[in-house]
Amino acid sequence: MSTQGRRVAIFGATSEIAVAFGRLCAEAHDRLVLVGRDPEALERLAADLKVRGADAVAILPADFNHIDGLSEMAQESWAPFAGLDLALVAYGTLPDQKAATGNPAVAAAALHINFVSPALLCDLLAARFEAAKAGTLAVITSVAGDRGRQSNYVYGAAKGGLQLYLEGLRHRLWAAGVRVVDIRPGFVATRMTAHLPQGGPLWATPERVAADMDKAIRRGSAVLYTPWFWRIILLIVRALPRPLFHRSKL
Amino acid sequence: MPHSARTSLSHTSWGNVIRAEHQVVSPDQPYAAARVLTEIPAGRPAIAYGCGRSYGDVALNPGGLLIETRRLDCFISFDAEKGLLTCESGVTLAEILRATSVPAKDGSGWLLPVVPGTRFVTVGGAIANDVHGKNAHVFGSFGCHVESLDLARSDGRILTCSAQNNAELFAATVGGLGLTGLILRATLRLRRVEGLALETEEIRFARLADFFALDAESAVGWEYTAAWIDCLARGNQLGRGIYLRARHAPGVSAPPPSLGPRRSVPIAPPLSLVNGLSVRAFNAAYWRKLGTAERVRRVVPYEGAFFPLDALGGWNRLYGPKGFFQFQCVVPPEGAEAATAELLAAIAEAGQGSMLVVLKRFGHVVSPGLLSFPMPGITLALDFPNAGADTVRLMTRLEAIAVAAGGRLYPAKDALMTAESFARGYPRLDRFRGHMDPALSSAFSRRVGLSDASDGSGEGR
Ligand SMILES: Cc1cc2nc3c(=O)[nH]c(=O)nc-3n(C[C@H](O)[C@H](O)[C@H](O)COP(=O)(O)OP(=O)(O)OC[C@H]3O[C@@H](n4cnc5c(N)ncnc54)[C@H](O)[C@@H]3O)c2cc1C
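Presented here is an overview of the structure given in this document.

What counts as what
- Residues numbered from 1 in each chain as written.
- Chains lettered and ligands numbered in written order.
- Predicted model: local features only at pLDDT ≥ 70, side-chain atom pairs only at ≥ 80, totals over all residues.
- Heavy atoms only, no water.
- Helix = DSSP H or I, 4+ residues; strand = E, 2+ residues; numbered from the N terminus.
- Rg over C-alpha atoms; globule rule 2.2 N^0.38 Å.
- Areas by Shrake-Rupley, 256 points an atom, 1.4 Å probe, with all protein chains shown as cover.
- Lys, Arg positive; Asp, Glu negative; His and termini not counted.
- Charge placed at Lys NZ, Arg CZ, Asp CG, Glu CD.
- Near = heavy atom within 4 Å.
- Polar contact = N/O pair within 3.5 Å; in protein donor to acceptor, adjacent residues only side chain to side chain.
- Nonpolar A, V, L, I, M, F, W, Y, C, P; charged D, E, K, R; others polar.
- Pairing = 2+ DSSP bridges.
- Contact = heavy atoms within 4.5 Å.
- Axes fitted to C-alpha atoms, helices over the stretch in contact; angles between N-to-C directions.
- Buried area = accessible area lost by both parts, 1.4 Å probe.
- Salt bridge = Lys/Arg side-chain N within 4 Å of Asp/Glu carboxyl O.
- Buried < 20%, exposed > 50% of the residue type's maximum accessible area, 1.4 Å probe, protein only.
- Right-handed = clockwise from strand over helix to strand, strands pointing away.
- Phe/Tyr/Trp six-rings, centres within 6.5 Å; stacked < 30°, edge-to-face > 60°.
- Lys NZ or Arg CZ within 6 Å of the ring centre and 35° of its normal.
- Parallel < 35°, antiparallel > 145°, perpendicular 65-115°, else oblique.

**Some words on the overall build of chain B**
1) Next: Along its length, chain B carries 13 helices and 21 strands.
2) Next: Computed over the C-alpha atoms, the radius of gyration of chain B is 21 Å, within 12% of the 23 Å expected from 2.2 N^0.38 for a compact globule of 461 residues.
3) Next: Taken along its principal axes, the extent of the C-alpha atoms in chain B is 60 × 55 × 45 Å.
4) Next: On chain B, roughly 17600 Å² of surface is accessible, and the fraction owed to carbon and sulfur atoms is 55%.
5) Next: Of the side-chain charges in chain B, 47 are positive and 42 negative, and the distance between the mean point of each set is 5 Å.

If you want it as structure tokens, here you go:
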């Protein structure tokens, strides 16, 4: 690694977990490319990260829903620092399962932004890392992708699909020495979950999740559950026999 | 109520004495925060809430709306030549130290000129209470180093205020307890120190008069001064304690402290762990902390010296479910020694005791706020576990002694003072009133008669 810090692109840079992660990168004097929808929010974050120590910050306004633009987005993220050492894919939305049930348009939009778009972007980034024979692709999925549950299977299916996609990419990129890190947070207190009663021992702050991510990415771990106890919770949830599982409200 | 408001039971003050339900909004962009202010319905005023590190009720509004500012947490610019920092109002002092107090090779660096005893406070909160630190006699209060600030008002205006621009509103907002508008961002002047580390000296002293002697001796050459007092000592030992003085050690660097506490109190114990027994044990042990030495000299990072309590997150929980009160007053220099002795005697006599009794001299640097707490004189700060009526009686007695001596109480630490004490302590109150924003009021402002008591949705609900 160069002493100048890493070249990092964050896709969905203004989400709270991404902001917290970006601040850790800034402290490490990384060079950052911030990709997001709202140019003003990106400018605000760029100024913040510069004061917090980032070596250089570039911003790239983009629409993640727009599949045809993904290739150009990947290319533009590569340009400011002539390559990347790390790409973090952090965008997504939490759909309301009830609204998506029986409403194909809502469900399709949720599957699109949580699976189709990030999977295709990862593929484009993977090709670039593969050619460079180095780098790390990190993606925020969710513990919701570990088992389908009646309360949010549209989101769960998108995230679960993304997990499988990443597993495939990891397999493919192994030979090139490229790492693929699948980050699975539990409940995180953010805007996305502001309508839920946040608090209690299962809820984590974006800062906590970002700190765990940072460690896992530096280590190159394949799958991270954050906070750690979700690994155990999901072990149990996955192991629940169907008759028992079906009676639960999960 | 703005539509995104949610109900919260967890927004309390640091002393935990007041527990109430609030509606809370957490705008995450300055323009959104400014808009919230314009959406406050008449007769249902709101108040800003930073880190909730004030002990009493200046940041509380039971039954009403709190505007949480912590998500206004972006830096805007830092001019590393001039030391000018611009940031949003929800940025904490811990974050500022981490981003700007990076030691140069020769150990020097930029430093916040004024920090209170905890770094987990927001810039907005530090301005609104015009906080002070151990170097107040040399550097004045936080507000002395605010170059300018942007203030959102409920009529939709955003005003840039400084000593030159909107100067009266600036003077009202510094130390203005969140009542003049919502501070969106501020520009602070940092100072350059030759060494970020501190050379400290702790000196044991046997009686109150010795404090004054040591303080006079330290006036030249020691920038940070304060004393811990053994509040259980009486008679000719009254006012004994340990004097702490410090100055920057040229050429010696120190790393910025962490962004959060290193360890935390995980759960609130069902009753106060701070009680007669532990207070007695603590005071006895602390008095002996220097061992056989009368004087201990060290070179240390500033973290431990400035923020000793920040090492343990949530330490306020140790006081149990009933919480605790803080008391801080300042009395003018004439008669300060007699008034301090009277205060300490009243405390020792009541036998309620306190672990963290701090005595310090304020100097003549003028604080810019109309309601700024610091003024020349001696300030005494301490806390008491809430033991009900007995504690309130003692606090009332201390309030009376301070006010009779021509002193005043610190709103950031207060949960009990009367409207009369407030008016006597803060003679510029009438000038202040004219700058208040009608959409803002707090439990404190209603209690001390600054705002209409019928505002809000009724605390007695
Ligand atoms: C351990 C400890 C040690 C302390 N030591 C000291 C000390 O040495 N010296 C000292 O002076 N104080 C000290 N304090 C008190 C503390 O510094 C002040 O109470 C400080 O103002 C708290 O900041 P906050 O961000 O938590 O604000 P809060 O307590 O949440 O709010 C304080 C006030 O600021 C207002 N406010 C907050 N944000 C804004 C904004 N954006 N716009 C307008 N108004 C706003 C609120 O409405 C309220 O009136 C100490 C507190 C603790 C817990």
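**Looking at the environment of Glu40 of chain A**
1) Next: On the secondary structure map, Glu40 of chain A appears in helix H2 (residues 39-51).
2) Next: For the pair Glu40 of chain A and Pro61 of chain A, spaced 21 residues apart in sequence, the C-alpha separation works out to 9.3 Å.

**A look at the site of the ligand**
Residue and element names in this part refer to chain B.
1) Next: Contacts to the ligand come from 35 residues, most closely from Ala48, Arg53, Ser54, Thr122 and Tyr410.
2) Next: Gly50 places a polar main-chain atom, nitrogen or oxygen, 2.7 Å from an oxygen atom of the ligand.
3) Next: Between an oxygen atom of the ligand and a main-chain N or O atom of Gly125, the distance comes to 2.9 Å.
4) Next: Computed on the free molecule, the ligand has an accessible area of 970 Å², of which 96% lies beneath the protein chains in the complex.
5) Next: Looking at the shell around the ligand, the elements that each hand over two or more residues are strand S3 (46-49), helix H3 (123-128) and strand S10 (182-189).
6) Next: Taken together, the residues of the shell around the ligand sort by class into 19 nonpolar, 14 polar and two charged.

**A word on the sheet that holds strand S12 (residues 198-205) of chain B**
Residues and elements named next belong to chain B.
1) Next: Here we have eight strands laid out as an open sheet, ordered S16-S12-S14-S13-S19-S20-S18-S21, and antiparallel in their pairing. Bordering the open sheet on either side are strand S16 (295-300) and strand S21 (408-409), each of which pairs with just one other strand.
2) Next: The strands touched by helix H6 (residues 208-218) within the sheet are S12, strand S13 (224-229), strand S14 (241-248), strand S19 (358-362) and strand S20 (377-385), with S14 carrying the most contacts at an inclination of about 10°.

**Let's talk about the interface of chain A and chain B**
Often, the extent of an interface is quoted as the loss of accessible area upon association of its parts.
1) Next: Counting residues at the interface gives 13 residues for chain A and 17 residues for chain B.
2) Next: On the chain A side of the interface with chain B, the three residues burying the most area are Arg44, Val51 and Arg52 of chain A, jointly 51% of the side's total.
3) Next: There are five salt bridges connecting chain A and chain B.
4) Next: Where Asp73 of chain B meets Arg23 of chain A, a salt bridge forms, and the shortest distance between an N and an O atom there is 2.8 Å.
5) Next: On inspection of chain A and its partner chain B, the count reaches nine residue pairs in polar contact (both at pLDDT 80 or more).

**Let's talk about the pairing of strand S5 (residues 136-140) of chain A**
Residue and element names in this part refer to chain A.
1) Next: Across the five residues of S5, five count as buried, placing the element largely inside the fold.
2) Next: Burial along S5 is two-sided: the residues Thr136, Ala138 and Ile140 and Leu137 and Val139 are all buried.
3) Next: Two elements, strand S4 (residues 86-89) and S5, share four bridges in a ladder whose sense is parallel. The residue bridging Ala87 from the neighbouring strand is Leu137, located in S5.
4) Next: Where S5 lies against strand S6 (residues 179-185), five bridges are found, and the strand directions are parallel. Residue pairing in the sheet places Ile140 in a bridge with Ile183 of S6.
5) Next: In this fold, the crossover linking S5 to S6 by way of helix H6 (residues 153-173) has right-handed handedness.

**As for the environment of Gly449 of chain B**
Residues and elements named next belong to chain B.
1) Next: Along the polypeptide, Gly449 turns up in the segment after helix H13 (443-447).
2) Next: A residue is classified by how much of its surface remains accessible, and Gly449, at 35% relative accessible area, is partly exposed.
3) Next: Residues Gly449 and Ala419, spaced 30 residues apart in sequence, show a C-alpha to C-alpha distance of 5.6 Å.

**Observations concerning the side chain of Arg119 of chain B**
Residue and element names in this part refer to chain B.
1) Next: Within the secondary structure, Arg119 sits in the loop between strand S7 (109-111) and H3.
2) Next: What makes Arg119 buried here is its relative accessible area of 1%.
3) Next: At 3.0 Å, the side chain of Arg119 and the backbone oxygen of Ser258 are in polar contact.
4) Next: In contact with Arg119, other than residues within four places in its own chain, are Thr92, Leu93, Ala94, Leu97, Pro257, Ser258, Gly260, Glu303, Phe307 and Asp310.

**Observations regarding the pattern of salt bridges**
1) Next: The tally for this structure, following the rule as stated, stands at 46 salt bridges over all chains.
2) Next: Between Arg208 of chain A and Asp212 of chain A there is a salt bridge whose closest N-O contact spans 3.6 Å. Separated by four residues within a single helix, Arg208 of chain A and Asp212 of chain A lie in helix H7 (residues 206-219), roughly one turn from each other.
3) Next: Taken together, the salt bridges that share partners define one network made up of Glu199, Glu201, Glu217, Arg245, Arg247, Arg295 and Arg297 of chain B.

**As for the packing of aromatic side chains**
1) Next: What the rule picks out here adds up to 25 aromatic pairs over all chains.
2) Next: Their ring planes at 50° and their centres at 6.2 Å tell us that Phe205 of chain B and Phe211 of chain B sit as a pair that is tilted. Take Phe205 of chain B and Phe211 of chain B: they sit in the same class, and that class is buried.
3) Next: Taken together through their ring pairs, the aromatic side chains of Phe187, Trp203, Trp228, Phe229 and Trp230 of chain A make up a single cluster.
4) Next: Over the ring of Trp287 of chain B we find Arg204 of chain B; its NZ or CZ atom is 5.4 Å from the centre of that ring.

**Things to note about the packing of helix H9 (residues 336-350) of chain B against helix H10 (residues 389-404) of chain B**
What describes two packed helices is the angle between their axes and the distance between those same axes.
All names here are of chain B.
1) Next: Remark: H9 packs on H10, axes separated minimally by 10 Å, with the N-to-C direction vectors making an angle of 170°. One element, H9, and the other, H10, form an angle in the roughly antiparallel class. Here Ala339, Glu342, Leu343, Ala346, Ile347, Glu349 and Ala350 of H9 lie close against H10, whose contacting residues are Leu394, Arg397, Leu398, Ile401 and Ala402.
2) Next: Residues that form the contact of H9 with H10 fall into these classes: nine nonpolar, no polar and three charged.

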